[in-house]
Amino acid sequence: NQNGSPSTKSAKPRRSGSMHLLWANSWKEVIEDRSSNRMKSESDSTQCSHSFDKCNCVKRVIFVMNIYKFWNDRKHIELDIDHIVEVITTELSNYSSKQMIRDFKHCHNSHEIDELYDLFQTKCKNCGGDDCHVLQRQNKDRNEGDINDGEDVQRTSTFGGGINTKSLRLMKILDDYHCYFLHKIDDIQADIDQDEV
């Protein structure tokens, strides 16, 4: 400040613009020219017209799961859940948290888990099996019998302040579906209504 005394506000860490650009460009390859309405129509279909490996909802979910894996690998270094939720729900063109949940539900309800599991094992970054951060967090929450207050859940944001409620809700959903697609654990407890996000 002007009188030279130390500032009381700590500087916020910078976010990686290069990663944002990489995700944005790769996302365009995934969705091609699809509008948000077209993506909604695809995910709302109860009888998918595509095989699991050609389904556009599956392709989008794989992309989201890879971003989420990136965060879980680095959460103690530079990124946090508020940041990743922001990337997924505001920085991927024509996408939103509601559409993400619709895609998750479509994959869960319209395709066989055995086929999805093999595909996700091939297309997603290795999550470390039993050493997976998400799986360990889920097991801890389940063992404590309280999905909403697990001690291992990150409670403060790397970029200042507490994590907002929406981010925590979406983290629970991402955790549940990560365990479904990558560990074949069909125990989706955080499957909240789209209107809540």
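Residues numbered from 1 in each chain as written. Predicted model: local features only at pLDDT ≥ 70, side-chain atom pairs only at ≥ 80, totals over all residues. Heavy atoms only, no water.

Participant: Looking at this structure, how should I read the overall build of the chain?
Facilitator: When helices and strands are tallied, the chain shows eight helices and zero strands. Across the 197 residues that make up the chain, the buried fraction comes to 45%. Taking as baseline every contact in the chain between residues at least 6 positions apart, the subset at least 24 positions apart corresponds to 75%. For the chain, the computed accessible surface area is about 10,700 Å², with 43% contributed by carbon and sulfur atoms. (Helix = DSSP H or I, 4+ residues; strand = E, 2+ residues; numbered from the N terminus. Buried < 20%, exposed > 50% of the residue type's maximum accessible area, 1.4 Å probe, protein only. Contact = heavy atoms within 4.5 Å. Areas by Shrake-Rupley, 256 points an atom, 1.4 Å probe, with all protein chains shown as cover.)

Participant: For this particular structure, what's the right way to read the packing of helix α3 (residues 56–74) against helix α8 (residues 165–183)?
Facilitator: How two helices pack is summed up by the angle between their axes together with the distance between the axes. Running from N to C, α3 and α8 cross one another at 110°; their axes reach a closest spacing of 11 Å. Relative to α8, the element α3 is oriented roughly perpendicular. When you trace α3 past α8, the crossing you get is left-handed. Contact residues: V61, V64, M65, Y68 and W71 in α3; M171, L174, D175, Y177, H178 and F181 in α8. A per-class count over the contact of α3 with α8 returns nine nonpolar, one polar and one charged. (Axes fitted to C-alpha atoms, helices over the stretch in contact; angles between N-to-C directions. Parallel < 35°, antiparallel > 145°, perpendicular 65-115°, else oblique. Left-handed = near helix turned anticlockwise from the far one by under 90°. Nonpolar A, V, L, I, M, F, W, Y, C, P; charged D, E, K, R; others polar.)

Participant: Please clarify how the environment of L135 should be interpreted in this entry.
Facilitator: As for its placement among the helices and strands, L135 is situated in helix α7 (residues 133–144). Measuring from C-alpha to C-alpha, the distance between L135 and C179 comes to 6.4 Å, with 44 residues separating the pair along the chain. If near-sequence neighbours (up to four positions away) are discounted, L135 is found in contact with G129, D130, C179, H183 and I185.

Participant: Please explain the confidence of the model for the chain as it appears in this structure.
Facilitator: In regions of low pLDDT, the predicted coordinates are not meant to be interpreted in detail. On average, the chain scores 78 in pLDDT, and the residues at 70 or more come to 72%. Mean pLDDT in the chain bottoms out at α7, which sits at 74, and peaks at helix α2 (residues 36–44), which reaches 95. Counted against residues more than four places away or in other chains, residues 1–14, with its pLDDT under 50, gives five contacts. Contacts from residues 147–155, a stretch scored under 50 in pLDDT, to residues over four places away or in other chains number 32 contacts. (pLDDT = per-residue confidence, 0-100.)

Participant: I would appreciate a short explanation of the nonpolar core in the present structure.
Facilitator: A general trend in soluble globular proteins is that nonpolar side chains are found buried together. M65, M100, F104, F120 and F181 are the most contacted members of the largest nonpolar core, which has 46 residues in total. The element that contributes the greatest number of residues to this core is α3, accounting for eleven residues. (Core = buried A, V, L, I, M, F, W, Y, C linked by side-chain atoms within 4.5 Å.)

Participant: Just to check I follow, could you spell out helix α6 (residues 113–123) for this structure?
Facilitator: Helical geometry note: an α-helix holds 3.6 residues per turn, so side chains three or four residues apart project in the same direction. Three or more residues of α6 are buried, namely L116, L119 and F120. The arc that holds every buried residue of α6, seen down its axis, measures 100°, which confines them to one face. Lining the buried residues of α6 we find α3, α5 (97–110) and α8. (Arc of directions from axis to C-beta.)

Participant: Just checking my understanding: could you explain α2 for this structure?
Facilitator: Of all the positions in α2, only M39, E42 and S43 are classed as buried. Buried residues of α2, viewed axially, fall in a sector of 90°; they line one side.

Participant: What am I meant to see in the pattern of salt bridges here?
Facilitator: Pairs can form between side chains of opposite charge whenever their charged atoms are close. Evaluated as defined, the whole model comprises nine salt bridges. One salt bridge connects E32 with R34, and the closest N-O pair in it is separated by 3.2 Å. By relative accessible area, E32 is classed as exposed at 56%. As a salt-bridge pair, R60 and E42 come within 2.8 Å of each other at their nearest N and O atoms. (Salt bridge = Lys/Arg side-chain N within 4 Å of Asp/Glu carboxyl O.)

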